[in-house]
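Reading the structure
Chain by chain, the residues run as shown.
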Amino acid sequence: MKDYIIIGAGQSGLAIAYHLNKKNANYLIIDANSETGAPWLKRWDSLKLFTPSEFNSLPGMKFPYKKGHYANKYEVADYLKAYVFKFNIHIEFNHKITSLRKENGRFILESESKKFEAKNVIIATGPFHKPFTPSCHTKISKEILQIHSEHYKSPNQLKEGATLVVGAGDSGVQILNEVSKTNRTVYFSGNTNIMSIPQEILGKTLWWWFQKVGFLKANKYSWIGKKLSESGQPVIGTDVKTLFKKKNITCVGRTLNANEKTITFEKQKITDIKNIIWATGFKPNFNWIDGIELDKNHYPKNFRGISNIEGLYFLGLPWLYTRGSATLGGVKNDADYLTKYLSKKEKDSH
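What comes next concerns the included structure.

**Observations concerning the overall build of the protein**
Across its full length, the protein carries eight helices and 23 strands. A compact globule built from 350 residues would reach a C-alpha radius of gyration of about 20 Å, and the protein, at 22 Å, matches this within 12%. If you line up the protein on its principal axes, its C-alpha atoms span 70 × 50 × 40 Å. Going through the 350 residues of the protein one by one, you find that 49% of them count as buried. A sequence separation of at least 24 residues applies to 63% of the contacts in the protein between residues at least 6 apart.

**A few points about the sheet that holds strand β19 (residues 273–278)**
Taking strand neighbours across the sheet as the criterion, the five strands line up as β8-β19-β9-β10-β15 in an open arrangement whose pairing is parallel. Both outer strands of the open sheet, β8 (145–148) and β15 (249–251), are each paired with one neighbouring strand and no more. Direction aside, neighbouring strands of the sheet carry axes that sit 20° apart on average. Alignment of strand β9 (residues 162–166) against strand β10 (residues 186–189), held across four bridges, turns out to be parallel. Paired with valine 166 across the strands is serine 189, a residue of β10.

**Concerning the nonpolar core**
Within the largest apolar cluster, 77 residues are counted, with the highest numbers of intra-cluster contacts made by Ile89, Leu109, Ile122, Ile123 and Leu312. Residue contacts for leucine 312: discarding those within four places in its chain leaves Leu100, Phe107, Val121, Ile123, Ile289, Ile292, Gly305, Ile306 and Ser307. Judged by nonpolar contacts, the second largest core, of 15 residues, contains Ile144, Val166, Phe265 and Ile270.

**Details of the packing of helix α1 (residues 11–22) against helix α8 (residues 331–349)**
Taken N-terminus to C-terminus, the directions of α1 and α8 make an angle of 40°; their axes are 9 Å apart at the nearest point. Between α1 and α8, the crossing angle belongs to the class labelled oblique. As α1 packs across α8, the resulting crossing turns out to be right-handed. Contacts between α1 and α8 involve Gln11, Ser12, Ala15, Ile16 and His19 on the former and, on the latter, Val331, Ala335, Asp336, Leu338 and Thr339. Residues belonging to the contact of α1 with α8 are distributed by class as follows: five nonpolar, four polar and one charged.

**Focus: the pattern of salt bridges**
A full pass over the atoms with the stated rule returns 14 salt bridges. With its nearest N and O atoms 3.3 Å apart, the salt bridge here joins lysine 23 to glutamate 346. Of this pair, lysine 23 sits in the loop between α1 and β2 (27–30) while glutamate 346 sits in helix α8, placing them 323 residues apart in sequence. With a relative accessible area of 28%, lysine 23 lands in the partly exposed category.

**Quick word on the environment of leucine 164**
Among the structural elements, leucine 164 can be located in strand β9. When the C-alpha atoms of leucine 164 and tyrosine 299 are compared, they prove to be 30 Å apart, with 135 residues separating the residues in sequence. Once residues lying within four places of it in the same chain are set aside, the contact partners of leucine 164 are Tyr187, Ser189, Phe265, Ile273, Asn275, Ile276 and Ile277.

**Structural notes on unusual backbone geometry**
Positive phi values are uncommon outside glycine, yet glutamate 260 reaches one of about 55°. Accessibility expressed as a relative area gives 47% for glutamate 260, which makes it partly exposed. The phi dihedral of histidine 298 is positive, around 70°, even though this residue is not glycine. Assignment of secondary structure puts histidine 298 in the loop between β20 (282–283) and β21 (302–303).

**Here's the deal with the sheet that holds strand β18 (residues 269–270)**
Read from one edge of the open sheet, three strands run β16-β17-β18, paired in antiparallel fashion. One side of each edge strand has no neighbouring strand; the edge strands of this open sheet are β16 (255–259) and β18.

**Examining the packing of α1 against helix α3 (residues 73–87)**
Running from amino to carboxyl end, α1 crosses α3 at an angle of 15°, the nearest separation of the two axes being 11 Å. One element, α1, and the other, α3, form an angle in the roughly parallel class. Classified by chirality, the crossing of α3 by α1 is left-handed. Residues Gln11, Leu14, Ala15, Tyr18 and Asn21 of α1 pack against Leu80, Tyr83, Val84 and Phe87 of α3.

**Some remarks on α3**
Compared with the 21 Å implied by 1.5 Å per residue over 15 residues, the 22 Å span of α3 between its first and last C-alpha is a close match. Inspection of α3 places Lys73, Glu75, Val76, Ala77, Tyr79, Leu80, Tyr83, Val84 and Phe87 among the buried residues, and these make up the whole buried set. The inward-facing, buried residues of α3 abut α1, α2 (38–41) and β3 (91–92). The N-terminus of α3 is capped by asparagine 72, whose side-chain oxygen sits 3.0 Å from the backbone nitrogen of tyrosine 74.

Quick notes on the rules
- Residues numbered from 1 in each chain as written.
- Predicted model: local features only at pLDDT ≥ 70, side-chain atom pairs only at ≥ 80, totals over all residues.
- Heavy atoms only, no water.
- Helix = DSSP H or I, 4+ residues; strand = E, 2+ residues; numbered from the N terminus.
- Rg over C-alpha atoms; globule rule 2.2 N^0.38 Å.
- Buried < 20%, exposed > 50% of the residue type's maximum accessible area, 1.4 Å probe, protein only.
- Contact = heavy atoms within 4.5 Å.
- Pairing = 2+ DSSP bridges.
- Axes fitted to C-alpha atoms, helices over the stretch in contact; angles between N-to-C directions.
- Core = buried A, V, L, I, M, F, W, Y, C linked by side-chain atoms within 4.5 Å.
- Parallel < 35°, antiparallel > 145°, perpendicular 65-115°, else oblique.
- Left-handed = near helix turned anticlockwise from the far one by under 90°.
- Nonpolar A, V, L, I, M, F, W, Y, C, P; charged D, E, K, R; others polar.
- Salt bridge = Lys/Arg side-chain N within 4 Å of Asp/Glu carboxyl O.
- Expected span 1.5 Å × (residues − 1).
- Polar contact = N/O pair within 3.5 Å; in protein donor to acceptor, adjacent residues only side chain to side chain.

Below you can see the structure in the form of structure tokens.
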């Protein structure tokens with residue numbers, strides 16, 4: 001029986017473990033992967049962070065690269081591994097928790113092969129759970145290679161020939177940019193009226209400006225926070241207008257339907273596609289938690305990570321409190337708040 005079990009050994013789980021370590025708490029992190037940093041290593045090969053090094057530190061340990069450096073996925077994974085080693089954080093790998101319920105004042109957590117018990121549970125599994133692919137993907141010919149951005153590594157995975165990239169978020173735009181450099185015909189399906197922001201403005205990083213104008217501190221309950229959280233996420237670091245004008249890229253509007261090798265878009269029907277990359281994001285999945293209340297976006301209802309179930313907490317959700325709540329450098333503020341809340345709760349109970 002642990003006092004605390006943390007589900008997820010990503011940045012949020014490690015940030016709260018750092019604080020529990022300092023309190024000598026009886027805790028354990030359980031993670032579905034086989035090593036620290038695995039979700040980063042699974043992403044595409046050329047992935048780089050949008051935030052420069054000075055904004056990527058977890059509590060107690062600086063991100064070890066010079067100011068202004070945009071780290072790649074290997075550098076992030078190495079940092080997380082070094083963090084676990086430095087603070088001797090207890091993790092049990094290869095256990096995906098499939099059910100969580102509360103019985104007689106304690107939590108029962110189950111994976112396929114093991115049962116765990118805890119007085120408190122902190123869920124730090126992040127926002128990305130189930131890859132989302134539009135339903136028309138089932139009507140597409142087996143001869144066309146289909147791959148979700150979760151499994152995309154590089155253009156080397158693709159067959160020769162025309163490629164469709166679907167999705168107007170950061171992943172879609174970055175992958176579109178990379179695939180277009182292979183000089184093949186590339187179709188882009190998604191909203192082209194997206195805002196893009198450069199990584200640096202007047203010699204300062206975008207995040208420096210965000211900090212200066214208060215965007216990073218604005219919480220979701222404030223007027224500016226409400227506006228920011230409800231507006232679409234801008235694409236950072238890629239000039240989309242220039243990208244969409246490339247000779248080998250054709251913007252075809254939204255994907256409407258498919259029949260074998262014919263795919264219908266808002267602007268035209270296309271029959272020569274050999275590869276499709278679905279950069280269509282992920283859907284949250286918290287159905288395995290007994291008795292949890294979800295909001296309209298299918299995330300658990302909470303205030304700053306404190307849920308409707310006594311002893312159950314969340315970290316690393318998008319806009320848990322601020323824009324930075326799900327980012328490498330932003331989780332520490334939420335972890336700090338939760339630690340103070342837990343310490344006060346412990347004190348009050350004695």
